[in-house]
Amino acid sequence: MVMNPNGRSPSHLSNLEKARRKLRYYRQQALQPIRWLAYTTGQTRFVPPPDRMYIESTNICNLNCIMCPTGLKLIKRPQGFMDFEVFKQIVDEMAPWVRATTLHIWGEPLLHPRIFDMVEYCTRKGLRTEISTNATLLTEERAKRLLEAGLSAIYLSIDGLRPETYENIRVRADYERTNANIRRFIELKVEGGYQTYVNIQIIKMKQTLDEIQEFVRVWSLPGVDRINVKPFDSWADQVDQISELRPNEVKLPEKRWACPNLWYHVHIYWDGSIAMCDRDFNLNFPLGNVVDPDGKVRVMKNWNGPQMQELRRRHLENDLDDVSPCNKCTEWAWWKPSPFFAQGNRPADEGSKMVRLHEDGPIIIGLDDVET
Ligand code: SF4
C-alpha cells in the first residue's frame, strides 16, 4: 500500500515520512531565491535544479484537436512511450528538488500502459503529480486507479459547453462520453474523500469565448476545485492554422527578457530528449538526452550542459534570430519570476482567470474580457 499524500488517509504517513517531506519542502523553498538569483544575474552554467518538471509519458494521442500540433500531425519526432525504468531514474534524481511533475507534454497520458505505476512511484517518492487528459479514456476503473495511486492534480479538458462546439474542437471525441467520464471521476473523488485537485479546463479560443461564462456556472460542482479558463497558447506561433484560433491580440512588453523556462522548468520527452519547453515540439533546438550512452540517467548534467548554457546565453543577449521556435514565440512574456515565487506555465496576469470554487459557489474574477 502506497503512502498516499493525496488519498484518504494522509495521517497514516509515518513520522519519518512526514519529516522527509517537510525537509523536501524547506529545501525547495530555500532554492527559490537562489534560482531567482541565477536567473536575474544571468547565470548560465551553475543553475540550481528546476522548480517544475514536465515529463512526456507519450506523444501519442487518440484525438485530432484543432489547436494541437499532435492532433494536426505536425510532430515529426518518432512516436513512443517513456520507458518505465528511465522514468524511475529521472524521478529518483529529481524528486528531492522539484516541486511537482506533470506526466504529460504532447500526447494523451492515459494511453501509457504504466501511467498508474508512474503516479504511484512519484507518490512513493513524495513528488506531486499532475496530468492533463482529454478524459475520453477515463473509465471508472482508470479513474479509481488514478485516485488510489495518489494523483495530486488532474486537468480534465472539455472545450465547449455545446456538444457541437466540443466535437468540432476535439475531433474524434464524443461529448456525452467525455462529460459522463468527468462527472464520474468527480463523484468517485467525493465519495472516496480523495484530495486530488480537480481542474475542469476550457481553452479560451475563438470557438469557446461565448460559452465560457455558462461553462463556469455548469461545472461549478462539489468536488471541482478550480475551473481553469486556459489562456490560448499559440505554441510559439509556428503554425498559422493554430494561430488563427487566437481569441485576442497579443500585447508584448517593449523589451524582451530571457525566458524563465530555461531557469525554472525542465521538459523531458518520452525518449529522454530535453526540450527548451513544450513549444519546441519538433526539437528544433536539441538540448541533449537524459539517458547517457552507459544507460544511466543524468538530468542535471543536461540541465546545465553546453547546449543549455548556449541557449541561456542567446536569451540573455537577445540573440535569437536563428533560434527556433524562440524567435517567433510570444509566450516568453507570460511570466517573470520573483525571489519567492515561480509559477507554472501560464501568464502572470491570467492568474485571475482561474475560477476558484468556494462553498457558496464559484468566485468568478477576471472574466470581464470574456464575451458573453
Ligand atoms: S521563448 Fe518561447 S519557445 Fe523559447 S523557451 Fe521560452 S516559451 Fe519556449
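For the structure, see preceding data.
Source: prediction; values computed, not measured.

Trainee: Got a sec to walk through the site of the ligand? Specific residues and values, please.
Mentor: Taken together, A236, C259, N261, M276, C277, R279, D280, P325, C326, C329, E331 and W332 make up the full set of residues near the ligand. Of the residues in the shell around the ligand, the class split is eight nonpolar, one polar and three charged.

Trainee: Can you lay out the nonpolar core for me, pointing to particular residues and giving the numbers?
Mentor: It is characteristic of soluble globular proteins that their nonpolar side chains tend to be buried jointly. Counting 84 residues, the largest nonpolar core has I90, V119, L156 and I268 as its most contacted members. If one sorts the elements of this core by residue count, helix α3 (residues 115-124) sits on top with five residues.

Trainee: Give me the lowdown on the pairing of strand β5 (residues 197-203), citing residues and values where you can.
Mentor: Most of β5 sits out of view: five of its seven residues are buried. Where strand β4 (residues 153-157) meets β5, five bridges bridge the pair, whose relative direction is parallel. By the bridge assignment, S157 is partnered in β5 with Q201. Bridge analysis of β5 against strand β6 (residues 226-230) gives five bridges, and the strand direction is parallel. From the neighbouring strand, I200 faces β6, where its bridge partner is I227. A crossover links β5 with its parallel partner β6, the connecting element being helix α7 (residues 212-218), and its sense is right-handed.

Trainee: Tell me what's going on with the packing of α3 against helix α4 (residues 140-149), and back it up with residues and numbers.
Mentor: Each pair of packed helices can be described by the angle between their axes along with the distance between the axes. Where α3 meets α4, the closest approach of the two axes is 8 Å, and the angle between their N-to-C directions is 15 degrees. As the angle between them shows, α3 and α4 are arranged roughly parallel. Where α3 crosses over α4, the two elements pack in a sense that is right-handed. Residues F116, V119, E120 and T123 of α3 lie in contact with α4, whose contacting residues are R145, L146 and A149. For the contact of α3 with α4, a count of residues per class yields four nonpolar, one polar and two charged.

Trainee: Break down unusual backbone geometry for me, citing the residues and quoting the values.
Mentor: Keep in mind that most residues, glycine aside, have a negative phi and that most peptide bonds are trans. Of note, the bond from S324 into P325 is cis; its omega dihedral lies within 30 degrees of zero at 10 degrees. With respect to the element layout, P325 can be found in the loop between α11 (306-316) and β9 (354-358). Although it is not a glycine, R172 adopts a positive phi angle of roughly 90 degrees. If you trace the backbone, R172 turns up in the loop between α5 (163-169) and α6 (175-192). In this structure R172 comes out as partly exposed when scored by C-beta crowding, with 13 C-beta atoms within 10 Å.

Parameters and conventions
- Residues numbered from 1 in each chain as written.
- Predicted model: local features only at pLDDT ≥ 70, side-chain atom pairs only at ≥ 80, totals over all residues.
- Near = placed C-beta within 6 Å.
- Nonpolar A, V, L, I, M, F, W, Y, C, P; charged D, E, K, R; others polar.
- Core = buried A, V, L, I, M, F, W, Y, C linked by C-beta atoms within 7 Å.
- Buried ≥ 20, exposed ≤ 12 C-beta atoms within 10 Å, placed from the backbone.
- Helix = DSSP H or I, 4+ residues; strand = E, 2+ residues; numbered from the N terminus.
- Pairing = 2+ DSSP bridges.
- Right-handed = clockwise from strand over helix to strand, strands pointing away.
- Axes fitted to C-alpha atoms, helices over the stretch in contact; angles between N-to-C directions.
- Parallel < 35°, antiparallel > 145°, perpendicular 65-115°, else oblique.
- Left-handed = near helix turned anticlockwise from the far one by under 90°.
- Contact = placed C-beta atoms within 7 Å.

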